[in-house]
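Architecture at a glance
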Amino acid sequence: MNMAAILFGVEARRPASYLLLLAAIGGVSVAGSGQAVGGPRTAVGFLLGGVLAVAALGAPIPAPAGHLGGSATAMAAMAARLGWPVIGGCLGALASPAGPSGPALAGFHSLAGFLLGAGFAAALVAFLERRLPNRADVASGALVITAGAGLAGAAAWHRFADNPLAGRAAVLVAVLVAIGAAVVVARMPLAARKPRGTGRLMASGDPARGRLDLVGMAAALTGMVVCLFLAPESAAANRIVAVACFVALAVPEATITPVSLGRGWSRLLESVPLRPLGGGKRIGMTDLVSESVGFHALLLGWPSLVALALLAGDRERSAGAMATVALLAGSAAVTWGVASLVRRHTDGGTALAAVVAVLVVVWMVVVTYPPG
């Protein structure tokens, strides 16, 4: 039995593998059907592949996978984890209404974007995990950059949709600009800040988390000004940006324990009763999930709340702000509920996969209802 088969068998014991497999089947199928509103099929597939790849690699590769053959075995272990959503994506493309019978490979545009997004996000995770000690920051950083590249490419393609050659060039430029902006932000001098709330196991004061939160707040403010005031016809873009930032920032922090420990040690530390300085009840994992989800929902939602108050007299323009607030509230409720339920009983990687899978299912239901 070769090493790849052994590692694939190890991953077959993780519930996260099957969650991501099913999420990829359904997500790529819906993206390829043409019902995935909000962007071209390739861009939607790219974002979906990036999210599922980060969810697959969210938890660290356990020993002895990292010691059986050095870096080659570590790469094989990453491939074994990525294999589950990739197989699911291929099955989803075949099951899509625009699959093999679709015109001129139209049904496989989402699959091509899915594979590209998964590879892009996996490369980012491999790069960031050598530079950031916090696993949640690694996942959030990879998701933020992947979302920036995917959304920038989709916007560029939409701008030059009538000219395929110019559209491809614009997509390449937009992706390079997004990556360049990520490099600039990563090099910004930023001092470590005081940890949010309790500061226990989550929400560390590392400068990387501060940069990520600043990027999210800047994106929310930019979306509010541009999409709700300057160009109200593009209000849907504000919803996409806000929800993408929430998933990138809140979901990893609410599910992954920053300390790279095994399941047993993580559950032991999370069960330690701590007493706040001012007294009060015991701090549990649910309180930490609430802290992260609530903070990021407020961080990304207050610009739309301000816009909603300023546009209260204009029903059509205020509808965009109201929809953004509603989507953020729904995403926060799903994340809090699933993370609070799953996080107490499984490792962080499984919790991350569960939240991502449920969010993908919710997205599938939203874009396919009502039918036709």
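Quick notes on the rules
- Residues numbered from 1 in each chain as written.
- Predicted model: local features only at pLDDT ≥ 70, side-chain atom pairs only at ≥ 80, totals over all residues.
- Heavy atoms only, no water.
- Phe/Tyr/Trp six-rings, centres within 6.5 Å; stacked < 30°, edge-to-face > 60°.
- Helix = DSSP H or I, 4+ residues; strand = E, 2+ residues; numbered from the N terminus.
- Lys NZ or Arg CZ within 6 Å of the ring centre and 35° of its normal.
- Core = buried A, V, L, I, M, F, W, Y, C linked by side-chain atoms within 4.5 Å.
- Buried < 20%, exposed > 50% of the residue type's maximum accessible area, 1.4 Å probe, protein only.
- Contact = heavy atoms within 4.5 Å.
- pLDDT = per-residue confidence, 0-100.
- 1 Å grid on protein atoms, 1.4 Å probe; cavity = no way out; pocket = protein on both sides within 12 Å on 5 of 7 lines; lining within 4 Å.
- Points joined across faces, edges and corners; volume = space filled by probe spheres on them.
- Nonpolar A, V, L, I, M, F, W, Y, C, P; charged D, E, K, R; others polar.
- Salt bridge = Lys/Arg side-chain N within 4 Å of Asp/Glu carboxyl O.

Here we take up the packing of aromatic side chains. The full count for this structure, using the stated rule, is three aromatic pairs. Measuring from ring centre to ring centre gives 4.8 Å for Phe8 and Trp84, while their planes differ by 5°; the resulting arrangement is stacked. Taken together, the positions of Phe8 in helix H1 (residues 3-11) and Trp84 in helix H4 (residues 71-95) put the pair 76 residues apart, joining distant regions of the chain. Joined through ring pairs, the aromatic side chains of Phe8, Tyr18 and Trp84 make up one cluster. For the cation-ring pair, Arg159 lies above Phe160, with the distance from its terminal atom to the ring centre recorded as 5.2 Å.

Before going further, it helps to examine the nonpolar core. Core analysis: the biggest nonpolar cluster contains 59 residues, and Leu52, Val54, Phe246, Val251, Val356 and Val360 have the highest contact counts within it. For this core, the element with the highest residue contribution is helix H13 (residues 348-368), accounting for 11 residues. The contact partners of Val54, leaving out residues within four places of it in the chain, are Ala121, Val125, Ala139, Ala142, Leu143 and Leu352. Met224, Leu228, Ala307 and Ala321 belong to the second largest nonpolar core, which has five residues in total.

Taken residue by residue, the protein gives an average pLDDT of 81. The fraction at 70 or more is 78%. Summarising per-element confidence for the protein, the mean pLDDT is lowest in helix H10 (residues 263-270) (51) and highest in helix H3 (residues 41-56) (94).

One pass over the structure, following the stated rule, counts one cavity of 30 Å³ or more. There is about 30 Å³ of room inside the largest cavity. In terms of lining residues, the largest cavity is bounded by Ala219, Ala220, Asn238, Val241, Ala242, Leu300, Ser304 and Thr324. Mapped onto the lining of the largest cavity, the elements with two or more residues apiece are helix H8 (207-230), helix H9 (235-255) and helix H11 (285-310). The dominant element in the lining of the largest cavity, judged by the number of residues it contributes, is H9, at three residues. Along the lines of polarity and charge, the residues of the lining of the largest cavity split into five nonpolar, three polar and no charged.

For side chains of opposite charge, pairing can occur when their charged atoms come near one another. Applying the stated criterion across every chain yields a total of five salt bridges. Close ionic contact of Arg81 with Glu11 constitutes a salt bridge, the shortest N to O distance being 3.3 Å. On the criterion of sequence distance, the pair formed by Arg81 in helix H4 and Glu11 in helix H1 is long-range, its members being 70 residues apart. Each member of the pair Arg81 and Glu11 is classed as buried. The salt bridge partner of Arg209 is Asp137, with a shortest N-O separation of 2.9 Å. Here Arg209 is found in helix H8, whereas its partner Asp137 is found in helix H6 (residues 135-159), with 72 residues between them in sequence. Relative accessible area serves as the criterion here: at 2%, Asp137 is assigned to the buried category. What emerges from the salt-bridge pattern is a single network uniting Glu11, Arg14 and Arg81.

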